[in-house]
Amino acid sequence: MSTRIIEVRHGILKKNDELAARLRARFQEAGVFVVNLVSGPGAGKTALLERTLAMLRPDYRIAALVGDLATENDATRLARSGAPIRQISTGTTCHLEAEMIEDALDGWALGDLDFLFIENVGNLVCPASYDLGENLRAVLFSVTEGEDKPLKYPTIFNTSDLALITKIDIADAVDFDRDLAYENIHRVRPGLPIIDTSARRADGLDAWLVALKEKQRATPVPVA
Amino acid sequence: MHELSIAINLVEYVSEEAAQAGWERVSAVHLKIGPLSGVVSDALLFSFEVAAAGTVLEAARLIIEDVPIIAFCPTCQTEQSLPDTFSLACPVCDTPTPDIRQGREMEVTALEVHSADVHQEDAES
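Computed from a predicted model, the values in this text were never measured in an experiment.

A few points about the pairing of strand 1 (residues 25-33) of chain B
All names here are of chain B.
1) Next: As judged from the 8 bridges shared by strand 1 and strand 6 (residues 106-115), these two strands associate in the antiparallel manner. Each bridged residue has a counterpart across the sheet, and for Ile33 the counterpart in strand 6 is Met106.
2) Next: Sheet topology note: the strand 1/strand 2 (residues 61-66) ladder contains 6 bridges and is parallel. Paired with Ala28 across the strands is Arg61, a residue of strand 2.
3) Next: A crossover connection joins strand 1 to the parallel strand 2 through helix 2 (residues 41-52); in handedness this β-α-β unit is right-handed.

A word on the environment of Ile170 of chain A
Residue and element names in this part refer to chain A.
1) Next: Relative to the helices and strands, Ile170 is located in the loop between strand 7 (162-166) and helix 7 (178-188).
2) Next: Residue classification places Ile170 among the partly exposed residues on the basis of a relative accessible area of 28%.
3) Next: Beyond its immediate stretch of four places on either side in the chain, Ile170 contacts Val143, Thr144 and Arg200.

A closer look at the nonpolar core
1) Next: Core analysis: the biggest nonpolar cluster contains 31 residues, and Val26, Val29, Phe48 and Leu57 of chain B have the highest contact counts within it.
2) Next: Sorting the residues of this core by element identifies strand 1 (2-11) of chain A together with helix 1 (3-21), strand 1, helix 2 and strand 6 of chain B as the ones contributing at least two each.
3) Next: Considering each element in turn, this core owes the most residues, 8 residues, to helix 1 of chain B.
4) Next: Setting aside residues no more than four positions away along its own chain, Val26 of chain B makes contact with Val14, Ala18, Val56, Leu57, Ala60, Leu111, Glu112 and Val113 of chain B.

Description of the interface of chain B and chain A
1) Next: With 40 residues of chain B in contact, the opposing surface of chain A contributes 29 residues.
2) Next: In total, about 3,200 Å² of surface goes out of reach between chain B and chain A, with carbon and sulfur atoms giving 53% of it.
3) Next: In this assembly, chain B and chain A are joined by 3 salt bridges.
4) Next: Residue Lys15 of chain A is joined to Glu12 of chain B by a salt bridge in which the shortest nitrogen-to-oxygen separation is 3.7 Å.

Things to note about the pattern of salt bridges
1) Next: Here the structure, examined in full by the defined rule, presents 15 salt bridges over all chains.
2) Next: The partner of Lys15 of chain A in a salt bridge is Glu16 of chain B, with the nearest N and O atoms 3.6 Å apart. Placement of Lys15 of chain A in helix 1 (residues 14-30) and of Glu16 of chain B in helix 1 is noted, with the two residues assigned to different chains.
3) Next: One connected set of salt bridges, linked through shared partners, spans Lys15 of chain A together with Glu12 and Glu16 of chain B.

Observations concerning the sheet that holds strand 2 (residues 33-38) of chain A
Residues and elements named next belong to chain A.
1) Next: Sheet architecture is open: 7 strands sit in the order 4-3-5-2-6-7-8, paired in parallel fashion. Single-partner strands in this sheet number two, and they are strand 4 (85-89) and strand 8 (194-196). Pairwise comparison of adjacent strand axes, ignoring direction, gives a mean angle of 20° for this sheet.
2) Next: Strand direction decides the pairing type here: strand 3 (residues 62-68) and strand 5 (residues 115-119), joined by 5 bridges, are parallel. Residue pairing for strand 5: Ala63 is matched across the bridge by Leu116.
3) Next: Against the sheet, helix 7 engages strand 6 (136-142), strand 7 and strand 8, with an angle of about 155° to strand 8.

Quick look at the environment of Leu88 of chain B
1) Next: Relative to the helices and strands, Leu88 of chain B is located in the loop between strand 4 (78-82) and strand 5 (100-102).
2) Next: Taking the C-alpha atoms as reference, Leu88 of chain B lies 33 Å from Tyr13 of chain B; in sequence the two are 75 residues apart.

Details of the domain arrangement of chain B
1) Next: Under the domain assignment, chain B is made up of domain 1 (3-67 + 103-123) and domain 2 (69-101).
2) Next: Here the C-alpha centre of domain 2 of chain B lies 31 Å away from the C-alpha centre of domain 1 of chain B.

Points about the packing of helix 2 (residues 45-56) of chain A against helix 8 (residues 205-218) of chain A
To describe two helices that pack against each other, one gives the angle between their axes and the distance between the axes.
Residue and element names in this part refer to chain A.
1) Next: Taken N-terminus to C-terminus, the directions of helix 2 and helix 8 make an angle of 70°; their axes are 11 Å apart at the nearest point. On the basis of the axis angle, helix 2 is roughly perpendicular to helix 8. Two packed elements cross with a definite hand, and for helix 2 against helix 8 that hand is right-handed. Residues Leu48, Arg51, Thr52, Met55 and Leu56 of helix 2 form the contact with helix 8, whose own contacting residues are Leu205, Asp206, Trp208, Leu209, Leu212 and Lys213.
2) Next: Taken together, the residues that form the contact of helix 2 with helix 8 break down as 7 nonpolar, 1 polar and 3 charged.

Digging into the side chain of Thr46 of chain A
Residues and elements named next belong to chain A.
1) Next: Along the chain, the position of Thr46 falls in helix 2.
2) Next: Overall, Thr46 belongs to the buried group, its relative accessible area being 7%.
3) Next: Residues contacting Thr46, with those up to four places away along its chain left out, are Asp74, Arg77, Leu78 and Glu119.

Things to note about helix 2 of chain B
1) Next: Between its first and last C-alpha atoms helix 2 of chain B spans 16 Å; for 12 residues at 1.5 Å apiece the expected length is 16 Å, and the two agree.
2) Next: Following helix 2 of chain B by one or two positions, Gly54 of chain B adopts a phi angle in the positive range, close to 80°.

About the criteria used
Residues numbered from 1 in each chain as written. Chains lettered and ligands numbered in written order. Predicted model: local features only at pLDDT ≥ 70, side-chain atom pairs only at ≥ 80, totals over all residues. Heavy atoms only, no water. Pairing = 2+ DSSP bridges. Helix = DSSP H or I, 4+ residues; strand = E, 2+ residues; numbered from the N terminus. Right-handed = clockwise from strand over helix to strand, strands pointing away. Buried < 20%, exposed > 50% of the residue type's maximum accessible area, 1.4 Å probe, protein only. Contact = heavy atoms within 4.5 Å. Core = buried A, V, L, I, M, F, W, Y, C linked by side-chain atoms within 4.5 Å. Buried area = accessible area lost by both parts, 1.4 Å probe. Salt bridge = Lys/Arg side-chain N within 4 Å of Asp/Glu carboxyl O. Axes fitted to C-alpha atoms, helices over the stretch in contact; angles between N-to-C directions. Domains from an automatic or database assignment. Parallel < 35°, antiparallel > 145°, perpendicular 65-115°, else oblique. Left-handed = near helix turned anticlockwise from the far one by under 90°. Nonpolar A, V, L, I, M, F, W, Y, C, P; charged D, E, K, R; others polar. Expected span 1.5 Å × (residues − 1).

In structure tokens, the structure reads:
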């Protein structure tokens with residue numbers, strides 16, 4: 001028996017990263033802008049998405065994938081918008097992976113879409129490590145969660161392109177310290193754009209849609 | 001807790017390499033884990049033991065090197081090592097430093113492998 005030490009350099013999630021890169025190329029070729037919504041459970045991803053679908057639907061072609069460990073409740077709720085929705089049931093897995101996205105897209109003509117939203121599993125830890133091929137990762141953070149959430153879960157904020165404070169309509173009732181929340185977000189991710197929103201009262205949704213449309217326009221178009 | 005799925009990815013990768021190179025056993029895996037990778041080392045150690053059972057990695061040691069966060073400070077114009085994950089600011093001048101140069105690593109750096117004693121060519125890839 002001979003023993004050797006072999007030096008390698010291999011990212012553990014390389015398989016996921018490679019698949020995500022292929023998905024990203026596919027999305028770009030199809031001209032669809034993909035948004036990955038991440039947050040803890042109950043921050044309001046589905047409520048935001050319901051509103052977003054309703055507001056974008058007249059002018060844009062939209063679809064959504066919704067990840068949960070179990071139930072199809074979110075998909076049922078979102079399907080009322082009329083947009084094509086698919087539920088990804090992850091079983092015991094606490095996050096979405098690129099392979100689940102690829103499987104869930106089976107049969108969908110991506111070229112017929114302008115936006116694809118992916119609602120990740122409610123979890124502030126694991127989804128941070130998995131690239132899904134998205135163009136934009138938006139992290140939601142509700143006013144009831146405590147202003148120090150970003151400090152406790154730095155990676156999810158650090159890997160996001162945009163932060164949405166949600167449920168801002170009840171901020172006063174829960175003594176939400178907005179300045180402190182902003183400060184904490186910027187400590188773990190200097191310069192991250194933040195939008196205050198309320199899906200119920202529609203606060204900040206215009207700004208969110210403007211940000212989405214701007215980013216979509218800034219994304220390279222497919223080579224004809 | 002996504003460390004089990006990470007451990008399974010790791011075991012799959014090493015098993016494939018072993019099958020290709022003809023290693024009989026892999027007794028240790030060296031990893032670099034950055035504080036911004038989202039991986040908890042203890043959870044990974046535990047998950048690895050489970051994932052490795054019955055494979056070429058059975059009973060292998062997982063040796064984790066924790067790497068510090070290094071960011072480029074636009075004010076000092078130099079790379080700085082940051083003490084905390086929860087404050088991405090230059091430790092010298094306190095300028096916020098979003099330009100992360102190291103700290104997201106989650107990678108295999110070395111394998112301790114055992115193969116039968118034959119005149120074997122170097123099977124490294």
